[in-house]
Amino acid sequence: MRPLAVSEPTSLQSATESEPRVNDRPHGEALPGIEHDPNAALSIHDLTVAYDRRPVLWDVDLDIPTGVLAAIVGPNGAGKSTLIKACLNLIPSVSGVVTIFGQPWKQARRRTAYVPQRETVDWAFPVSVLDVVMMGTYGRLGWLRPVGRSQKAQAMRALEQVELADLAHRQISQLSGGQQQRVFLARALVQQADLYLMDEPFASVDAATEQAIVRVLRTLKSEGRTVVVVHHDLQTVPEYFDHVVLLNMRIVAAGHTDEVFTHDNLRATYGGRLTLLEQAATALQHLGGPQGG
């Protein structure tokens, strides 16, 4: 068993027949009559996720253009992390269609890299920094083929990008929280993905780590890659991101930061959540939708 590996995605939960817009097709197969940007890096239609019949995401429609640095912003409990996990099919959804570069996730998985929250990992596992980063090469290399010099060289280049090359042989348990976050980022870099989904990479990191991560994100953008980040610091959104998604269980607004990141949209995102939640919960109960999670 390989440590620190992201759990394998579960199959999409079947939808109920009582909901006329629920998609009971395979994950990623489009519903008839739906229009989305065919060139979008990430396209989501009618995504609903619920835990114990309580909606966490409700009827989410979203396109993330190719080549942007996008922030997903919203209050605690708004479904930001859930949105990323549902896009990767890591958790079941009640309904919805998700495509990555026009393909279902299973077909586009090698074009996608995921950086989970640091708190989700057992950092006491006895493995070195270099070993963790090399795990990012397994998807392209294959599980049964040994890691060679080429993969080690890729891992070292990624560690240089996040300024941790001098700690390559240190045990991960000996790293600071910010250094551990940079290890996760380096592991994603060696995947050479076109779409990066990151769950709060800036959470609880020091200033040096934050700036190191920003430099990496800007490099990825300059290479034409797409980065979607769950973010919590509203003050840095205009500086770090050119695209923003305001989420409060549903999409409040999404688009270019200069146009979307406004006082009115922020007020709509961070206020009135109870009303939205109650409306969606009532609707879900009336539809008899299945429980998610």
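Residues numbered from 1 in each chain as written. Predicted model: local features only at pLDDT ≥ 70, side-chain atom pairs only at ≥ 80, totals over all residues. Heavy atoms only, no water.

(A) Representation of the sheet that holds strand E5 (residues 112-115). The strand order across the open sheet formed by 6 strands is E5-E6-E7-E3-E8-E9, and the pairing between neighbours is mixed. Of all strands in the sheet, those bounded by a partner on one side alone are E5 and strand E9 (250-256). Shown here is a sheet whose adjacent strand axes are inclined to one another by a mean of 15°, direction ignored. Across 6 bridges, the pairing between strand E8 (residues 243-248) and E9 is antiparallel. (Pairing = 2+ DSSP bridges. Helix = DSSP H or I, 4+ residues; strand = E, 2+ residues; numbered from the N terminus. Axes fitted to C-alpha atoms, helices over the stretch in contact; angles between N-to-C directions.)

(B) Focus on the sheet that holds strand E4 (residues 95-100). Sheet architecture is open: 3 strands sit in the order E2-E1-E4, paired in antiparallel fashion. For this open sheet the edge positions go to strand E2 (54-64) and E4, each flanked by a neighbour on one side alone. Here the average twist between neighbouring strands, direction ignored, is 20°. Looking at chain direction, strand E1 (residues 42-51) and E4 are connected through 5 bridges and run antiparallel. Pairing of Thr-48 across the sheet is with Ser-95, part of E4. Sitting on the sheet, helix H1 (residues 80-87) touches E1, E2 and E4, and the angle it makes with E1 is about 115°. (Contact = heavy atoms within 4.5 Å.)

(C) Representation of the packing of aromatic side chains. Scanning the model with the defined rule gives 2 aromatic pairs in all. Judged by centre distance (6.3 Å) and plane angle (65°), the rings of Tyr-240 and Phe-241 are edge-to-face. Judged by its relative accessible area of 3%, Phe-241 is buried. Taken together, Phe-202, Tyr-240 and Phe-241 form an aromatic cluster joined through their ring pairs. Geometry around Phe-101 places Arg-111 over its ring, the cationic atom sitting 3.9 Å from the centre. (Phe/Tyr/Trp six-rings, centres within 6.5 Å; stacked < 30°, edge-to-face > 60°. Buried < 20%, exposed > 50% of the residue type's maximum accessible area, 1.4 Å probe, protein only. Lys NZ or Arg CZ within 6 Å of the ring centre and 35° of its normal.)

(D) Region of interest: the pairing of E1. Burial analysis of E1 places 9 of its 10 residues in the buried class, the great majority of the element. With 7 bridges joining them, E1 and E2 adopt antiparallel strand pairing. Each bridged residue has a counterpart across the sheet, and for Val-49 the counterpart in E2 is Leu-57. Linking E1 back to E2 in an antiparallel pair, the connection comprises 2 residues, with Asp-52 at a positive phi of about 50°.

(E) Region of the structure containing the environment of Gln-103. Its place among the elements puts Gln-103 in the loop between E4 and helix H2 (105-108). Note on Gln-103: relative accessible area 28%, which makes it partly exposed. Placed 60 residues apart in sequence, Gln-103 and Ser-43 show a C-alpha to C-alpha distance of 9.4 Å. Excluding its chain neighbours within four sequence positions, the residues that come into contact with Gln-103 are Val-98 and Ala-108.

Interpretation note: all reported values are geometric properties and have no functional meaning in isolation.
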